[in-house]
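Results of the structural survey
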Amino acid sequence: MGQEELSDVSPLSETDHMAANLYKSNDKDSGAGDSPRSEDLCVKNAADEAENNVSKLETLLRPPSHFPQPEAPAGLMRSPSSGDENYLPLDRSMSLTSSTAMDMASFGKFIRDRGNSFSAAIVKRISSLKEGDDAAKSVTEFHLSGLKVIVRLKDEEDDGDYGDIKGRISFFSRSGCRDCGAVRSFFRSKGLPFVEINVDVFTEREKELVDRTGGVAVPAIFFNERLVGGLVALNSLRNSGEFERRMREMAGKRCPESAPRVPVYGFDDEDEAKERREDSMVGVIRVLRQRLPIQDRITKMKLVKNCFAGADMVEVLINHLDCSRQKAVEIGKELARRYFIHHVFRENDFEDSNNQFYRFLEHDPSISKCFNFRITTNDDQPKPALAVSHRLTKLMSAILEAYASEDHSHLDYNRIGSSEEFRRYTNVVQDLQRVDIFSLSTDERTAFFLNLYNAMVIHANIRIGRPGTIDRRSFFNDFLYIVGGYPYSLSAIKDGILRSNRRSPYSFVKPLSSSDRRLELVLPKVNPLIHFGLCNGARSSPRVRFFSAQGVEVELRHSAREFFSNGGLEVDLEKRVVHLTRIIKWYSADFGQDKDILQWVLGYLDANKTGLLTHLLNDGGPVNIVYHNFDWSLNS
């Protein structure tokens with residue numbers, strides 16, 4: 001056909017021509033005597049169909065002459081010989097010739113090669129994850145040529161998924177027990193639910209421990225009702241592979257009623273409740289609360305509220321007990337020693353006078369801010385201060401083990417606030433109201449107030465929340481416990497007792513006045529180590545810990561070493577700079593001058609930091625101290 005007739009053919013006809021040429025080209029390459037290949041047959045069929053389409057298209061008739069004729073774009077229907085300047089060449093794809101024919105087998109080989117290379121790349125990346133360092137092992141996904149590949153590396157210690165455990169894993173423990181901590185960590189690492197029965201918290205369960213195991217040794221691990229043993233037995237099960245089989249059994253077996261029961265929230269220890277006895281003076285104090293005239297009075301140019309005169313109380317005692325006046329005065333002094341009453345200014349003991357005024361402990365103006373006080377005074381017989389301190393320490397240690405990170409640097413305050421351990425703690429702290437702490441030794445007082453401070457901070461963060469920058473001073477001064485008849489704030493404990501009544505940073509007054517009887521409790525000298533035993537709930541403060549009276553000094557040294565090894569001090573040898581915690585800057589009065597501080601710190605550093613700092617101090621050059629910014633955000 002001519003050029004003009006071909007131009008009327010649909011664009012599909014060009015494709016058909018290409019298919020026809022492809023077959024012809026393949027036919028020439030294959031040879032006349034060769035049998036046709038399957039690929040050639042497919043191409044031949046396509047070529048035959050293309051030729052039929054071309055023949056059909058070539059027989060199409062143009063529209064009659066009296067109808068408008070279709071016109072092509074300028075230059076498309078003209079040849080270059082016509083001399084038309086609007087002629088534009090039409091770019092078309094060239095038909096495949098014998099030199100450019102596509103080899104289908106080669107095309108398939110190309111696809112296979114690319115696929116093999118792609119697979120090899122994936123295998124190489126996965127292998128690099130297995131052979132890499134710990135950082136590489138943390139990679140769980142990567143992208144390769146637009147494809148996201150997710151990789152899960154099987155941990156060597158991962159013994160498999162046990163599914164939903166229908167049975168119950170439980171174990172008896174004690175606060176501060178290392179073997180119990182190892183058992184707890186093992187179950188947590190396996191993601192296994194377990195019930196811990198801490199006999200220091202649930203003291204009523206110790207009898208059950210003895211009945212089930214024949215002794216008081218902990219940990220005592222149970223799979224349902226069956227006693228497994230302690231840490232040694234657990235390790236044996238794990239090393240022999242028996243642990244996995246036991247877990248699969250637990251997955252399909254429900255826990256019988258004979259297994260150790262789960263501790264119930266809201267029930268106190270019956271044995272502990274039986275030990276509580278009312279104070280022998282409760283009968284007298286109840287009469288006085290009903291009969292004494294409680295009034296607001298003016299004395300020493302000050303208005304004192306809710307008080308009574310000493311002489312009025314003596315008269316009530318004489319009438320009620322039918323005793324002499326001297327006996328009534330002695331009873332009044334005994335009530336003051338037991339912290340049922342106290343002088344409005346806490347200046348003297350009880351006197352038979354119309355000019356000396358007293359009030360009941362529950363009428364103290366600070367009581368509304370005391371979070372260990374509920375409506376009225378605890379009228380039980382006061383327990384020894386060491387016994388109460390020991391009980392509180394066990395409870396708080398159990399709280400840390402159950403609801404804090406392994407290193408105790410992060411606490412789950414929401415779970416602590418709703419726990420049975422914390423509920424029992426808030427009950428026990430009421431025993432502090434009338435406890436006698438003046439008889440404690442120096443080490444006993446140090447441990448007592450260190451532990452009390454750390455426990456109060458946790459209590460404050462749960463009850464009133466973390467303070468902002470503006471109300472931070474209120475947080476440390478207005479959250480109170482009544483202890484031994486006196487209110488104690490966090491500041492009074494830290495700066496008044498533990499720092500030997502020194503001013504807090506940016507303050508101009510001492511926490512305790514010269515007439516305050518609590519001055520008898522202050523430590524004889526300042527020990528800078530106490531700053532590393534106190535946690536104020538901030539991320540930059542030392543980790544939470546509780547101390548024993550017997551080893552408080554050693555434990556404080558350990559706290560300091562731990563703090564400095566975890567970022568409390570850094571040495572930049574090149575710049576000759578020592579980076580220190582801002583705690584030392586705030587309490588520089590406790591540590592001394594800059595050079596004295598660095599010499600003091602040397603005793604609490606690891607070998608590497610000790611060597612660097614010693615080099616800076618001994619080479620005669622200047623040493624600069626830069627203090628870290630303090631992160632006040634909650635350590636949750």
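Everything quoted here is computed from the prediction, not taken from an experiment. (Residues numbered from 1 in each chain as written. Predicted model: local features only at pLDDT ≥ 70, side-chain atom pairs only at ≥ 80, totals over all residues. Heavy atoms only, no water.)

Glancing now at the pattern of salt bridges. Any two side chains of opposite charge can pair, on the condition that their charged atoms come close. With the rule as written, the count across this model stands at 40 salt bridges. For E242, the salt bridge is made with R245, and the minimal N-O distance between the two is 2.1 Å. Residue E242 and its partner R245 are both found in helix α9 (residues 242-252); the two are separated by three residues, about one turn of the helix. Taking relative accessible area as the criterion, E242 reaches 23% and is therefore assigned partly exposed. Classification of R245 as partly exposed rests on a relative accessible area of 35%. We note a salt bridge from E334 to R338, for which the minimum N-O separation is 2.8 Å. Overall, the relative accessible area of 22% leaves E334 in the partly exposed class. Each member of the salt-bridge network shares a partner with another, and the members are D279, E334, R337, R338 and R434. (Salt bridge = Lys/Arg side-chain N within 4 Å of Asp/Glu carboxyl O. Helix = DSSP H or I, 4+ residues; strand = E, 2+ residues; numbered from the N terminus. Buried < 20%, exposed > 50% of the residue type's maximum accessible area, 1.4 Å probe, protein only.)

Let us now look at unusual backbone geometry. V218 connects to P219 through a cis peptide bond whose omega is 0°. Structurally, P219 can be placed in the loop between α7 (206-213) and β5 (220-223). A positive phi is found at H408, a non-glycine position, where the angle reads about 65°. Its location among the elements puts H408 in the loop between α14 (385-403) and α15 (413-417). We classify H408 as partly exposed; its relative accessible area is 23%. In this structure, Y506 is a non-glycine residue whose phi angle is positive, near 65°.

Bringing the packing of aromatic side chains into the picture now. Under the defined criterion, the tally for this structure stands at 27 aromatic pairs. Considering the side-chain rings of F449 and Y488, the 5.7 Å spacing of their centres and the 45° angle between planes classify their relative orientation as tilted. Of the two residues, F449 is situated in helix α17 (residues 442-463) and Y488 in strand β12 (residues 486-489); the sequence distance between them amounts to 39 residues. Between the aromatic rings of F532 and W600, the centroid separation amounts to 6.1 Å while the plane-to-plane angle is 20°, which identifies the pairing as stacked. One end of the pair, F532, is in the loop between α19 (490-498) and α20 (552-568); the other, W600, is in helix α23 (residues 594-601), and 68 residues separate them in sequence. Owing to a relative accessible area of 1%, F532 belongs among the buried residues under this scheme. The partly exposed category is assigned to W600, whose relative accessible area is 22%. (Phe/Tyr/Trp six-rings, centres within 6.5 Å; stacked < 30°, edge-to-face > 60°.)

With that out of the way, let us pick up the side chain of K494. Structurally, K494 is set in helix α19. One polar contact links K494 to Y587, side chain to side chain, over a distance of 3.1 Å. (Polar contact = N/O pair within 3.5 Å; in protein donor to acceptor, adjacent residues only side chain to side chain.)

A few words now on the sheet that holds strand β8 (residues 302-309). Pairing is antiparallel across the open sheet formed by four strands, whose spatial order is β7-β8-β10-β9. This sheet does not close on itself; its edge strands, each paired only once, are β7 (295-299) and β9 (341-343). The sheet shows a mean angle of 55° between the axes of neighbouring strands, direction not considered. Sitting on the sheet, helix α12 (residues 310-321) touches β7, β8, β9 and β10 (357-360), and the angle it makes with β8 is about 15°. (Pairing = 2+ DSSP bridges. Axes fitted to C-alpha atoms, helices over the stretch in contact; angles between N-to-C directions. Contact = heavy atoms within 4.5 Å.)

Remark: α12 packs on helix α13 (residues 325-337), axes separated minimally by 9 Å, with the N-to-C direction vectors making an angle of 115°. With respect to their mutual orientation, α12 and α13 come out roughly perpendicular. Read as a crossing pair, α12 and α13 show a hand that is right-handed. Of α13, the residues touching α12 (which contributes A311, M313, V314, E315, L317, I318 and L321) are R325, A328, V329, I331, G332 and L335. Taken together, the residues of the contact of α12 with α13 break down into 10 nonpolar, one polar and two charged. (Parallel < 35°, antiparallel > 145°, perpendicular 65-115°, else oblique. Left-handed = near helix turned anticlockwise from the far one by under 90°. Nonpolar A, V, L, I, M, F, W, Y, C, P; charged D, E, K, R; others polar.)

Let's shift gears to α20. The end-to-end C-alpha distance of α20 is 21 Å, clearly below the 24 Å that 17 residues give at a rise of 1.5 Å each. Of all the positions in α20, only V552, L556, S559, A560, E562, F563, F564 and G568 are classed as buried. Here the buried face of α20 lies against α17, β13 (569-572), β14 (577-580), α21 (582-586), α23 and α24 (607-618). (Expected span 1.5 Å × (residues − 1).)

A word on the environment of R518. As for its position among the elements, R518 is in the loop between α19 and α20. Placed 32 residues apart in sequence, R518 and Y486 show a C-alpha to C-alpha distance of 8.2 Å. Once residues lying within four places of it in the same chain are set aside, the contact partners of R518 are Y486, P487, Y488, I497 and L512. At 2.6 Å, the side chain of R518 forms a polar contact with the backbone oxygen of P487.

An order of β13-β14-β15 is seen for the three strands of this open sheet, with the pairing classed as mixed. Two strands close off the open sheet at either side, each with one partner strand: β13 and β15 (624-627). Across the sheet, the mean angle separating the axes of adjacent strands is 20° when strand polarity is ignored. Pairing of β14 with β15 involves four bridges; the strand directions are parallel. Bridging across to β15, L580 finds its partner in Y627. Along the sheet face, α20 touches β13 and β14 and points at about 50° away from the line of β13. Running at roughly 55° to β13, α24 makes contact with β13 and β14 of the sheet.

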